[in-house]
Amino acid sequence: NCDNLARVTLPDTVTVLQEGLFYDCEALKQLNTASITRIEAEAFYNCDSIGKLADTPLLTYVGDRAFYNCTGLQDVELGEAVTFVGEECFGNCVELSSITMNGTIPGISRYCFYGCRNLKEIRFSDQQKRSLRLIGVEAFAQCEQLKNLDFREFSQLKQMGERTFSGCRELISV
């Protein structure tokens, strides 16, 4: 519990954020991420004040529940180097409204975006469309504002898990 920690400036030599590093740092708003290659499990669990994840050119790995319950997170942009996002990675990020996936992630893990009630837009780069093979169980469940997803250009997509879109009340087409 680091209740008052609002800003972290790390040297460029730090490339890995270990498991639970900023767990429950509810005031954390700003962190330089340009040199980060891995964000391990629960690194930002319950960090309510983080509003955006971007500027991550070297990031390849985002662990299980890395941003779970970051209720202030509104925008996520995963860079071209990202190849893995873990289970419940952005689960219960209730203010998350926009996701951009530019990497080569072969699978969206189960419960990855579960409970992102305000998620309206998911953008996939062409390389991501060519890479995605699997969408896990309830990956987008309870994304109540999600309206449309078009997977026709996803040439490698072979499997979608059970209840992938459960509770997506506004969903019109997939």
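One can find the structure itself at the top, above this paragraph.
A short tour of the structure in this document, coming up.

Another point: the overall build of the chain. Helix and strand content of the chain: 1 helix and 13 strands. When the elements of the chain are put in sequence order from the N terminus, they spell out β-β-β-β-β-β-β-β-β-β-β-α-β-β. For a compact globule of 174 residues, the expected C-alpha radius of gyration is about 16 Å, and the chain comes in at 15 Å, within 12% of that figure. Taking the principal axes of its C-alpha atoms as reference, the chain extends roughly 45 × 30 × 20 Å.

Now for the sheet that holds strand 5 (residues 52–53). Read from one edge of the open sheet, 4 strands run 5-7-9-11, paired in parallel fashion. Two strands lie at the open edges of the sheet, namely strand 5 and strand 11 (121–124), each paired on one side alone. One ladder, built from 4 bridges, connects strand 9 (residues 98–101) with strand 11; its direction is parallel. Following the sheet pairing, Ile99 is matched in strand 11 by Ile122.

With that settled, the discussion passes to the state of the cysteines. Using the criterion set out here, one finds 1 disulfide in the structure. With no disulfide of its own, Cys112 has Cys89 as its nearest cysteine by sulfur position, at a separation of 5.0 Å. Here Cys116 stays unpaired: no disulfide links it, and the sulfur of Cys143, its closest cysteine neighbor, is 5.1 Å away.

This part covers the nonpolar core. Residues Phe44, Phe90 and Phe140 are the most contacted members of the largest nonpolar core, which totals 50 residues. Among the elements of the structure, strand 7 (75–78), strand 9 and strand 11 are those that each provide at least two residues to this core. If we skip the residues at most four places from it in the chain, Phe90 touches Leu53, Phe67, Leu73, Val76, Leu78, Leu96, Cys112, Phe113, Tyr114 and Cys116.

Quick look at the packing of aromatic side chains now. A full pass over the atoms with the stated rule returns 13 aromatic pairs. Site record: aromatic cluster; members linked through ring pairs are Phe22, Phe44, Phe67, Phe90, Phe113, Phe140 and Phe165. Positioned above the aromatic ring of Tyr61 is the side chain of Arg38, whose terminal nitrogen or guanidinium carbon lies 3.7 Å from the ring centre.

Of note, Asp150 is situated in the loop between strand 12 (134–135) and strand 13 (159–160). The class of Asp150 is partly exposed, set by a relative accessible area of 43%. Separated by 37 residues in the primary sequence, Asp150 and Phe113 have C-alpha atoms spaced 17 Å apart. Among the polar contacts made by the side chain of Asp150, one reaches the side chain of Arg152 at a distance of 2.5 Å.

Reading the values: the criteria
- The written sequence of each chain sets the order in which its residues are numbered from 1.
- Reporting of local features is limited, given that this is a predicted model, to residues whose pLDDT is at least 70; pairs of side-chain atoms are given and counted only at 80 or more, and all residues count toward the totals for whole chains, interfaces and linings.
- Only hydrogens and water are removed before side-chain values are computed, so all heavy atoms of the structure are retained for them.
- Where helices and strands are cited, they refer to DSSP runs of H or I of at least four residues and of E of at least two residues respectively, numbered from the N terminus.
- All radius of gyration figures rest on C-alpha atoms, and the globule criterion is 2.2 Å times the number of residues raised to 0.38.
- Between any two strands, at least two bridges found by DSSP are needed for them to pair.
- Whenever a pair of cysteine sulfur atoms sits within 2.5 Å, that pair is classed as a disulfide.
- Only buried residues count toward a nonpolar core, which is a set of Ala, Val, Leu, Ile, Met, Phe, Trp, Tyr and Cys residues joined through side-chain atoms within 4.5 Å.
- Accessibility here uses a 1.4 Å probe with only protein chains present; expressed as a share of the type maximum, an area under 20% marks a residue as buried, one over 50% as exposed, and anything in between as partly exposed.
- Every residue pair with non-hydrogen atoms within 4.5 Å of one another is taken to be in contact.
- The pairing test for Phe, Tyr and Trp rings, Trp by its six-membered ring, is centres within 6.5 Å, and the orientation test on the planes gives stacked under 30 degrees, edge-to-face over 60, and tilted for anything in between.
- Our definition puts a charge over a ring when NZ of Lys or CZ of Arg is within 6 Å of the ring centre and also within 35 degrees of the ring normal.
- Identification of polar contacts relies on pairs of N or O atoms within 3.5 Å, with a donor-acceptor requirement for protein atoms, meaning one able to donate a hydrogen and the other able to accept it, and with residues adjacent in sequence counted only if both atoms are side-chain atoms.

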